[in-house]
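# Descriptive structure summary
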There are 2 protein chains.
Amino acid sequence: MRFDDKSIRVSYLVTSPPGEIEGIAEDIALEQTVEVPKSVIKDPWIAKEIIGKVTAIRKIDGHAGDQFAVTIDYPQIVSNFEIPQMLNLLYGNISFKQDIQIVHVDFPRAFILSFKGPKFGIEGIRNLIGVYDRPLIATALKPMGASAEQIGELCYQFALGGVHIIKDDHSLVDFPFCRFEDRVASCMRAIEKAAEKTGRRTLYFPNVTDRYDRVLRNIEFALERNVGGLLISPFLTGLDSVRHIAESEWVNKPLMSHPSLSGVYFTNGKGGVSPDIILGRIFRLIGVDCSVYPNFGGRFAFDQDTCLAIADSLRDSFYDLKRSFPTPAGGINLRNVPEVINVYGKDIILLIGGSLYARSDNLEENARYFYEASAIEGQRA
Amino acid sequence: MRFDDKSIRVSYLVTSPPGEIEGIAEDIALEQTVEVPKSVIKDPWIAKEIIGKVTAIRKIDGHAGDQFAVTIDYPQIVSNFEIPQMLNLLYGNISFKQDIQIVHVDFPRAFILSFKGPKFGIEGIRNLIGVYDRPLIATALKPMGASAEQIGELCYQFALGGVHIIKDDHSLVDFPFCRFEDRVASCMRAIEKAAEKTGRRTLYFPNVTDRYDRVLRNIEFALERNVGGLLISPFLTGLDSVRHIAESEWVNKPLMSHPSLSGVYFTNGKGGVSPDIILGRIFRLIGVDCSVYPNFGGRFAFDQDTCLAIADSLRDSFYDLKRSFPTPAGGINLRNVPEVINVYGKDIILLIGGSLYARSDNLEENARYFYEASAIEGQRA
């Protein structure tokens, strides 16, 4: 059956006894839409235009146990062309099932046209910094517990050392011992002071993640201080709040996402949703300009293929959406930088946190080392 | 070590090689707070007041593989007394780890006092309906694809039959073919018409889950029409949006939560978070008056102990928070109602969807059958 361009096509990996797979596939299509047994549906319009259609079931060879690739086409109107209902359609009720994994989603044009996507993207962020011929480098301001003044001092050292993007650690919130407004003011002073000395542009991204009633207030304050961009954790604030922010005309700075909490989607062996769908496709759809995710070889569980799939879903040609920066982190240290660049190419932001602090007490020098280690002088990576 | 009443005590189940458990436990305490190696922390205040303290590691016997019960006390200031940062503290980065499960959380008094919890609770909802001596019964309006008029007609039948709470299916959003405002108007007409006939009070809960910029608009409209309560899916809108709604003084109706998407926390064998923490404790904390969750014996994976743990965390004595209604669903049909009541007692809302539609075409009669099957005449369940 041909993909009809009016359906959201979801590909699942389903573990099932061989005799039951047809029934399970039908159940998914009902569960995620009408949520009643098929016998209850009497209206032919609902049967045709609402319930998902199972379009393929294929046994996968070479697996222990019985695994099947199942494809279901959902009429796109069922998504209501919005993020909360689209998430509900994809994985709402079946998130409670053990053996159903979403491995791919094809979105039709009309669905995607309902979203604006990244406002800046790779090209826009490069324009802001004026750097085109190399990967960008980034670091995080930490630890939690440091004062706004101390955080500002770290920011100054990193900016002097040549880091392009300096972000708050995602755990730095509006603490009494390091208020959001004080931290933004302190870091922006540091950024400006360093720029006077180096002549280079550095972008500071404060973490605006906060209570529902405070996120927009944080953003307003940050924009008034002319920050370089905004860091937000979509799974802490709700994914559609990020879409709303990205699509708001008054928010004229790039957004960087932190994947906090999203790991629950990726760590259940036979269930969950592929990381490239969430940290790639969906984050790009909601307007994320740079998506931070755990790199291969680090303290988290992603392998190289998974990371490349995320990068691909951020940077590929996808209707009219701008390309987003893959921002691998957590598995990069000062030794493996060339290898990481070799895997991804130059359109990437390398984020190093802990190991930039651990190298020596001279953070400016550590940053300079990072800057030089990540240059790709003359060569195309 | 005694629980000091200033810490959030998190109990983990960790799968680990025996020689590595101390290191892994330390890593969790660092990862969820300062996110740098311990050697980088020079400030003694941060070491003492910010980083989690591993207070217990105990090997669990009788498991295949090596499992350990690990307890870490986090200073409560690290939560910043707010939901997004509390979620980040609990499971933000470690959601990416395979073998760490959160099985229990003790919250100190000062943390809990920062929240208002349910506005109505069990007693408040019973007062609204005027029913005290039996479980409440509820159903869902569906299927997706029906018109506002058709949904209103279903609502009328169920109200005549004696259902106490009639909610939208959680997948009914503001569709072009069944607009939110039309549906609310249609259902409220049905509720009022039925009340004239029966003299009984029935509560209609429309689904207000929507885009970030529309949820509050939906609620305003629903409250103007004097609905009985509001249905919302916290994992679709963001948990803190629900907290904000529940704590808003102008929202003077009870909230029912649907657990859509939350299953990812519960289905990864050696990771995730216990259902009673999320669908019980945390939902109660954000102000949910009735928490819908999949009942044992149904098409989802929870067993009876898990369901009782959820019910317990909704109904137990928990500082000054009101008690919330456990609202098991999805595993209840018209045959096992007495058994379900026997397990939970009478302070429960029994939610039956599909099987109430499937019994016969006469929904009023089906509802009456449900009403009678769930009565506990004279006896204390």
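Note: the structure precedes this text.
In what follows, the accompanying structure is described.

Criteria and thresholds
- Residues numbered from 1 in each chain as written.
- Chains lettered and ligands numbered in written order.
- Predicted model: local features only at pLDDT ≥ 70, side-chain atom pairs only at ≥ 80, totals over all residues.
- Heavy atoms only, no water.
- Salt bridge = Lys/Arg side-chain N within 4 Å of Asp/Glu carboxyl O.
- Buried < 20%, exposed > 50% of the residue type's maximum accessible area, 1.4 Å probe, protein only.
- Patch = residues over 30% accessible without salt bridge, like charges linked within 9 Å, V, L, I, M, F, W, Y side chains within 5 Å.
- Areas by Shrake-Rupley, 256 points an atom, 1.4 Å probe, with all protein chains shown as cover.
- Lys, Arg positive; Asp, Glu negative; His and termini not counted.
- Charge placed at Lys NZ, Arg CZ, Asp CG, Glu CD.
- Helix = DSSP H or I, 4+ residues; strand = E, 2+ residues; numbered from the N terminus.
- Least-squares fit on C-alpha atoms with pLDDT ≥ 70 in both.
- Contact = heavy atoms within 4.5 Å.
- Buried area = accessible area lost by both parts, 1.4 Å probe.
- Polar contact = N/O pair within 3.5 Å; in protein donor to acceptor, adjacent residues only side chain to side chain.
- Nonpolar A, V, L, I, M, F, W, Y, C, P; charged D, E, K, R; others polar.
- Pairing = 2+ DSSP bridges.
- Axes fitted to C-alpha atoms, helices over the stretch in contact; angles between N-to-C directions.
- Parallel < 35°, antiparallel > 145°, perpendicular 65-115°, else oblique.
- Left-handed = near helix turned anticlockwise from the far one by under 90°.
- 1 Å grid on protein atoms, 1.4 Å probe; cavity = no way out; pocket = protein on both sides within 12 Å on 5 of 7 lines; lining within 4 Å.
- Points joined across faces, edges and corners; volume = space filled by probe spheres on them.
- Phe/Tyr/Trp six-rings, centres within 6.5 Å; stacked < 30°, edge-to-face > 60°.
- Lys NZ or Arg CZ within 6 Å of the ring centre and 35° of its normal.

## Here's the deal with the pattern of salt bridges
For the coordinates displayed, the defined rule picks out 44 salt bridges over all chains. Linking A:Glu49 and A:Lys48 is a salt bridge whose minimum nitrogen-to-oxygen distance equals 3.1 Å. Take A:Lys48: its relative accessible area is 56%, and that puts it in the exposed class. With a shortest N-O distance of 4.0 Å, B:Asp347 and B:Lys346 are connected by a salt bridge. For B:Asp347, a relative accessible area of 16% translates into the label buried. On the basis of relative accessibility, which here comes to 18%, the residue B:Lys346 falls in the buried class. Counted as one network, the salt bridges with shared partners bring together A:Glu123, A:Arg126, A:Arg323, A:Lys346 and A:Asp347.

## Some points on a negative patch on the surface
All names here are of chain A. Side chains of Glu181, Asp182, Glu220 and Glu224 sit close together on the surface and give a patch of like negative charge. Those elements that place two or more of their residues in the negative patch are α7 (180–198) and α8 (215–224). Secondary-structure assignment places Glu224 in helix α8. In this structure Glu224 comes out as exposed when scored by relative accessible area, which is 63%.

## A closer look at the relation of the copies chain A and chain B
Think of it as a corkscrew move, a rotation about one axis and a shift along it, taking one chain copy to the other. Superposing chain A onto chain B takes a rotation of 180 degrees plus a shift of 0.0 Å along the axis, which leaves an RMSD of 0.0 Å. Here the symmetry operator amounts to a two-fold rotation axis. In this assembly the copies share their binding face: 100% of the residues contributing to the interface of chain A also contribute to that of chain B.

## Structural notes on the interface of chain A and chain B
Put simply, an interface is often sized by how much accessible area is lost when its parts join up. Taken residue by residue, the interface counts 74 residues in chain A and 74 residues in chain B. Of all residues in chain A, A:Phe96, A:Met144 and A:Tyr212 bury the most surface against chain B, accounting for 13% of the area lost on that side. In this structure, the connection of chain A to chain B is made through six salt bridges. In this structure, B:Lys42 engages A:Asp361 in a salt bridge whose closest nitrogen and oxygen atoms are separated by 3.3 Å. On inspection of chain A and its partner chain B, the count reaches 22 residue pairs in polar contact (both at pLDDT 80 or more). Element by element, the count of residues in the side of chain A that touches chain B is highest for helix α3 (residues 83–91) of chain A, at five residues. Here the side of chain A that touches chain B is built from residues that sort into 35 nonpolar, 23 polar and 16 charged.

## Looking at the sheet that holds strand β3 (residues 67–75) of chain B
Residue and element names in this part refer to chain B. Taken in spatial order, the five strands of this open sheet run β2-β3-β1-β4-β10, and their pairing is mixed. On the outer flanks of this sheet lie β2 (53–60) and β10 (272–273), each paired with one strand and no other. In the packing of helix α11 (residues 275–285) onto the sheet, the strands contacted are β4 (100–106) and β10, and the crossing angle to β4 comes to about 35 degrees.

## Let's talk about the packing of helix α6 (residues 148–161) of chain B against helix α7 (residues 180–198) of chain B
Residue and element names in this part refer to chain B. Contact geometry for α6 and α7: axes closest at 8 Å, N-to-C directions at 25 degrees. Judged by the angle between their axes, α6 and α7 are roughly parallel. Where α6 crosses over α7, the two elements pack in a sense that is right-handed. Mapping the contact onto sequence places Ala148, Glu149, Ile151, Gly152, Cys155, Tyr156, Ala159 and Leu160 in α6 and Asp182, Arg183, Ser186, Cys187, Ala190, Ile191, Lys193, Ala194, Lys197 and Thr198 in α7. Among the residues forming the contact of α6 with α7, the class breakdown is 10 nonpolar, three polar and five charged.

## A few points about the sheet that holds strand β3 (residues 67–75) of chain A
Residues and elements named next belong to chain A. The five strands are arranged β2-β3-β1-β4-β10 in an open sheet whose pairing can be described as mixed. Edge positions in the open sheet fall to β2 (53–60) and β10 (272–273), since each of these has one partner strand only. Along the sheet, α3 contacts β1 (7–15), β3, β4 (100–106) and β10; its crossing angle with β4, the most-contacted strand, is approximately 130 degrees.

## A look at the pairing of strand β1 (residues 7–15) of chain B
Residue and element names in this part refer to chain B. The buried fraction of β1 amounts to nine of the nine residues, a majority that puts the element mostly inside the structure. The alternating pattern of β1 places Ser7, Arg9, Ser11, Leu13 and Thr15 and Ile8, Val10, Tyr12 and Val14 on opposite faces, both of which are buried. As defined by bridge partners, β1 adjoins β3 across nine bridges and the pair is classed as antiparallel. By the bridge assignment, Arg9 is partnered in β3 with Asp73. Two elements, β1 and β4, share six bridges in a ladder whose sense is antiparallel. For Ser11, the partnering residue across the bridge sits in β4 and is His104.

## Examining empty space enclosed by the protein
Inspection of every chain in the model, using the stated rule, returns five cavities of 30 Å³ or more. For the largest cavity, the calculated volume is near 330 Å³. Considering the residues around the largest cavity, the lining is formed by 25 residues, among which A:Phe235, A:Leu261, B:Phe235, B:Leu239 and B:Tyr265 are closest to the centre. With four residues, the top contributor of residues to the lining of the largest cavity is helix α3 (residues 83–91) of chain B.

## Quick notes on the packing of aromatic side chains
Under the defined criterion, the tally for this structure stands at 31 aromatic pairs over all chains. Ring centres 5.2 Å apart and planes at 10 degrees place the aromatic pair A:Phe107 and A:Phe111 in the stacked group. Like A:Phe107, the residue A:Phe111 is buried in the burial classification. Arranged with centres 5.8 Å apart and planes meeting at 45 degrees, the rings of A:Phe266 and B:Phe96 form a pair that is tilted. Of the two residues, A:Phe266 sits in the loop between β9 (255–257) and β10 while B:Phe96 sits in the loop between α3 and β4, which places them in two different chains. A relative accessible area of 4% places B:Phe96 in the buried class. Each residue in the set A:Phe96, B:Phe235, B:Tyr265, B:Phe266, B:Phe283 and B:Phe302 is aromatic and connected to the rest through ring pairs, giving one cluster. Above the face of the A:Tyr371 ring, A:Arg134 is positioned so that its terminal group lies 4.2 Å from the ring centre. Here B:Arg281 stacks its cationic end above the ring of B:Phe318, 3.7 Å away from the centre of that ring.

## Observations concerning the side chain of A:Arg315
All names here are of chain A. Positionally, Arg315 belongs in helix α12 (residues 304–315). Here Arg315 occupies a buried position and makes no salt bridge, while the nearest side chain of opposite charge, Asp347, is found at 5.8 Å. Among the polar contacts made by the side chain of Arg315, one reaches the main-chain carbonyl oxygen of Asp347 at a distance of 2.9 Å. Not counting the four nearest positions on each side in its chain, Arg315 is found in contact with Ile122, Arg284, Arg323, Ser324, Pro326, Tyr344 and Asp347.

## Topic: the layout of surface pockets
Each pocket or cavity is described by its volume, and for the largest pocket that value is around 940 Å³. Lining the largest pocket are 44 residues, and of these A:Arg299, A:Phe300, A:Gly330, B:Glu31 and B:Lys97 lie nearest its centre. Within the residue set of the lining of the largest pocket, elements represented by two or more residues are β11 (290–294) and α14 (354–358) of chain A together with β1 and α1 (21–31) of chain B. The greatest single-element share of the lining of the largest pocket, amounting to five residues, is contributed by α1(B). Across the lining of the largest pocket, the residue classes tally to 21 nonpolar, 13 polar and 10 charged. Here the second largest pocket defines a volume of roughly 630 Å³. Taken together, 32 residues line the second largest pocket, and the ones lying closest to its centre are A:Glu31, A:Glu35, B:Arg299, B:Phe300 and B:Gly330. In terms of residue class, the lining of the second largest pocket is built from 14 nonpolar, 10 polar and eight charged.

Function cannot be inferred from these measures alone, as they are strictly geometric.
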